[in-house]
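What the coordinates show
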Amino acid sequence: MERTYLIKPLLDETLPMIDHGKGVYLYDTEGKKYLDGSSGAVTANIGHGVSDIIEAMQEQAKKVSFVYRSQFTSESAEKLAKKVAEMTPGDLNWCFFVNSGSEAVETAMKMAIQYWQEKGIHTKTKVLSRWVSYHGITLGALSLSGHTGRRARFVSLLEDFPVINPPYCYRCPYGLESPSCGSACAQELELAIKRIGADHIAAFIAEPVIGAAGGAIAAPKDYFKIIKKICEDHDILFIADEVMTGFGRTGSMLAMEQWDVIPDIVALGKGMGAGYAPIAAALASEKVIEPILAGTKVVMSGHTLSANPQSCAVSLAVLEYLEKNKIVSQVESKGDYLKSLLLQLKNQFSFIGDIRGKGLMLGVEFVEDAATKTPFSRKAMVTQKIIALAKEKGLLVYPAGAGIDGVNGDSIIISPPLTITKDEINELVLLLTDSFEAFSKQLKSDD
Ligand code: PMP
């Protein structure tokens, strides 16, 4: 037995072995260099090998690496919770630490249900969501995920929580155009609530910019104001899934700030530890925590490694690094620059249907015919081919679903570390151009 580590794709002998990373680059054991154009899975927000973080890890490791959260608190957990509360808007002041985005979403769901229970309302247990969404792989989070591909095998175990269409303007389910549409896709929530009954609904959850299921689909400007108002009108909490967007990815600490909406609960992950440690959190407002503090006094969730001091110290160092280097305030202009270059590629390659996204979370959707927006056949495996070509050339990009079911379409997310420089953006786009040219040749030879 040569290899017993279950990797994806299973037993892929060609998967390179990583040696080290520095800045926006990764180096494998063969000496090949990769520009990390996706921050892994939109995670390595401050790049690789940052010495501030390594030092913080060492300092914490010298003190204590693990304590169980019901036996001890730790300085790093207390400081991190304060820092997250300071960095995020409104009265989002209470952090429950977990280890992955899926756990953050599960905790957010449970907090919402518990909130109503503490108020004496026991029927509000459903959490509604949208199609073309991804909220995590655990069964609760997968129940929320409108990702038909990832649901398929487990449908019989899942709740049917996705109930409304996504704000997917490129393929508007109503055939309308923003802004004259009045965000009909947001208005849809009102009808869904009426059909199901607000008495049964604890919360509604959405990603500000749809990631894995859609390829960086950002909602129109008025969208989340409409959603929040509908939630408030029906006594339903609003959960923002900012696992991918949180901590600066789109140009503000929470992406939701750009829609001028403060959620009741926020799921955070990825950028929180920037890949240096597994850490995530459900962040709750005073409104949500108040009845819990007055009632049971404990959030009914938790994992053995919740609030692990080592992970908390790493996350604190990451957030301080973001602040010290004023990284988030530069994201909008870097993103605009990268987007302008991608838009030029759209004129060059006929298979690019749409360029979209916010800040440094940008998406490219590929189509067989740009005029009719006809997707490629599934058999053509276009996303996989483009990703493989890019990797061959030394560029990493992230595969995402697309199409109105979030599966029958092809897209990639381009989301380099927020620390990327202008020269590195230029290099990224050159590598991407080379990859698209190689794909173009493949397409022609297939004809
Ligand atoms: N929510 C969103 C928006 C995500 O993008 C992801 C991961 N892609 C998750 C939840 C799940 O996070 P994790 O993989 O860390 O469990």
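Residues numbered from 1 in each chain as written. Predicted model: local features only at pLDDT ≥ 70, side-chain atom pairs only at ≥ 80, totals over all residues.

Helix-helix packing is described using two parameters, namely the angle between the two axes and the distance between the axes. In the contact formed by helix 7 (residues 184–196) and helix 8 (residues 223–233), the axes pass within 8 Å of each other and the chain directions differ by 20 degrees. What the angle tells us is that helix 7 and helix 8 run roughly parallel. Crossing handedness for the pair helix 7 and helix 8: right-handed. Here Ala 186, Gln 187, Leu 189, Glu 190 and Ile 193 of helix 7 come into contact with helix 8, specifically with Tyr 223, Ile 226, Ile 227 and Ile 230. Its residues assigned to classes, the contact of helix 7 with helix 8 shows 7 nonpolar, 1 polar and 1 charged. (Axes fitted to C-alpha atoms, helices over the stretch in contact; angles between N-to-C directions. Helix = DSSP H or I, 4+ residues; strand = E, 2+ residues; numbered from the N terminus. Parallel < 35°, antiparallel > 145°, perpendicular 65-115°, else oblique. Left-handed = near helix turned anticlockwise from the far one by under 90°. Contact = placed C-beta atoms within 7 Å. Nonpolar A, V, L, I, M, F, W, Y, C, P; charged D, E, K, R; others polar.)

Moving on, we get to the pairing of strand 2 (residues 25–28). Looking along a regular strand, one sees the side chains alternate between the two faces of the sheet. Bridge count for strand 1 (residues 18–22) against strand 2 is 4 bridges, and the pairing is antiparallel. Paired with His 20 across the strands is Tyr 27, a residue of strand 2. The loop that links strand 1 with its antiparallel partner strand 2 comprises 2 residues; one of these, Gly 23, has a positive phi angle of about 60 degrees. Bridge analysis of strand 2 against strand 3 (residues 33–36) gives 3 bridges, and the strand direction is antiparallel. Within strand 3, the position partnered with Tyr 27 by the bridge is Lys 33. The hairpin turn running from strand 2 into strand 3, its antiparallel successor, is 4 residues long, and Gly 31 in that turn takes a positive phi close to 90 degrees. (Pairing = 2+ DSSP bridges.)

A few words on the sheet that holds strand 10 (residues 237–241). Taken in spatial order, the 7 strands make up an open sheet running 4-12-11-10-7-5-6, and their pairing is mixed. Either end of the sheet is taken by a strand with one partner, and the two such strands are strand 4 (92–98) and strand 6 (162–164). Each neighbouring strand pair of the sheet contributes to a mean axis angle of 30 degrees, computed without reference to strand direction. Bridge analysis of strand 5 (residues 126–130) against strand 6 gives 2 bridges, and the strand direction is parallel. By the bridge assignment for strand 6, Arg 130 is matched with Ile 164. Contacting strand 4 and strand 12 (280–285), helix 3 (residues 75–87) crosses the sheet at an angle of about 135 degrees to strand 4.

Here we come to the domain arrangement of the protein chain. Examined at the domain level, the protein chain breaks down into domain 1 (18–49 + 328–446) and domain 2 (92–303). One C-alpha centre belongs to domain 1, the other to domain 2; they are set 26 Å apart. Of the residues lining the interface, 33 residues belong to domain 1; the matching set on domain 2 comes to 33 residues. Its residues placed into classes, the side of domain 1 that touches domain 2 shows 15 nonpolar, 11 polar and 7 charged. (Domains from an automatic or database assignment.)

Strand order across the open sheet formed by 4 strands is 13-14-17-16, with antiparallel pairing between neighbours. Lying at the two open borders of the sheet, with one neighbouring strand each, are strand 13 (352–358) and strand 16 (398–400). The mean inter-strand angle of the sheet, taken between neighbouring strand axes irrespective of direction, is 25 degrees. Across 6 bridges, the pairing between strand 13 and strand 14 (residues 361–366) is antiparallel. Each residue of the ladder has a partner; that of Asp 354, found in strand 14, is Glu 365. Of the strands in this sheet, strand 13 and strand 14 are in contact with helix 11 (residues 331–348), which crosses strand 13 at around 175 degrees. The strands touched by helix 12 (residues 382–392) within the sheet are strand 14, strand 16 and strand 17 (410–414), with strand 17 carrying the most contacts at an inclination of about 35 degrees.

Formed by 136 residues in total, the largest nonpolar core has its most connected members in Ala 112, Ile 227, Leu 237, Ile 265, Ala 281 and Leu 283. Excluding residues that lie within four positions of it along the chain, Leu 283 makes contacts with Val 84, Thr 88, Leu 92, Trp 94, Cys 95, Ile 265, Val 266 and Leu 268. (Core = buried A, V, L, I, M, F, W, Y, C linked by C-beta atoms within 7 Å. Buried ≥ 20, exposed ≤ 12 C-beta atoms within 10 Å, placed from the backbone.)

This paragraph deals with the site of the ligand. Residues in close proximity to the ligand total 16 residues, the closest being Ser 100, Gly 101, Ser 102, Gly 136 and Val 243. In terms of residue count, helix 4 (residues 101–118) provides more of the shell around the ligand than any other element does, 3 residues in total. (Near = placed C-beta within 6 Å.)

As a further point, take the pairing of strand 14. For strand 14, the tally of buried residues reaches 6 of 6 residues, placing the bulk of the element in the interior. Covered by surrounding structure in strand 14 are Met 361, Gly 363 and Glu 365 together with Leu 362, Val 364 and Phe 366, the residues of both alternating faces. Joining the antiparallel neighbours strand 13 and strand 14 is a turn of 2 residues, in which Gly 359 adopts a positive phi near 55 degrees.

The end-to-end C-alpha distance of helix 7 is 19 Å, a good match for the 18 Å that 13 residues give at a rise of 1.5 Å each. Close packing links the buried residues of helix 7 with strand 6, strand 7 (201–206) and helix 8. (Expected span 1.5 Å × (residues − 1).)

Going from Ser 178 to Pro 179, the amide bond is cis rather than trans, its omega being 5 degrees. In this fold, Pro 179 is placed in the loop between strand 6 and helix 7. Of note, Asp 235 is a non-glycine position whose phi angle comes to about 55 degrees, a positive value. Looking at the secondary structure, you find Asp 235 in the loop between helix 8 and strand 10.

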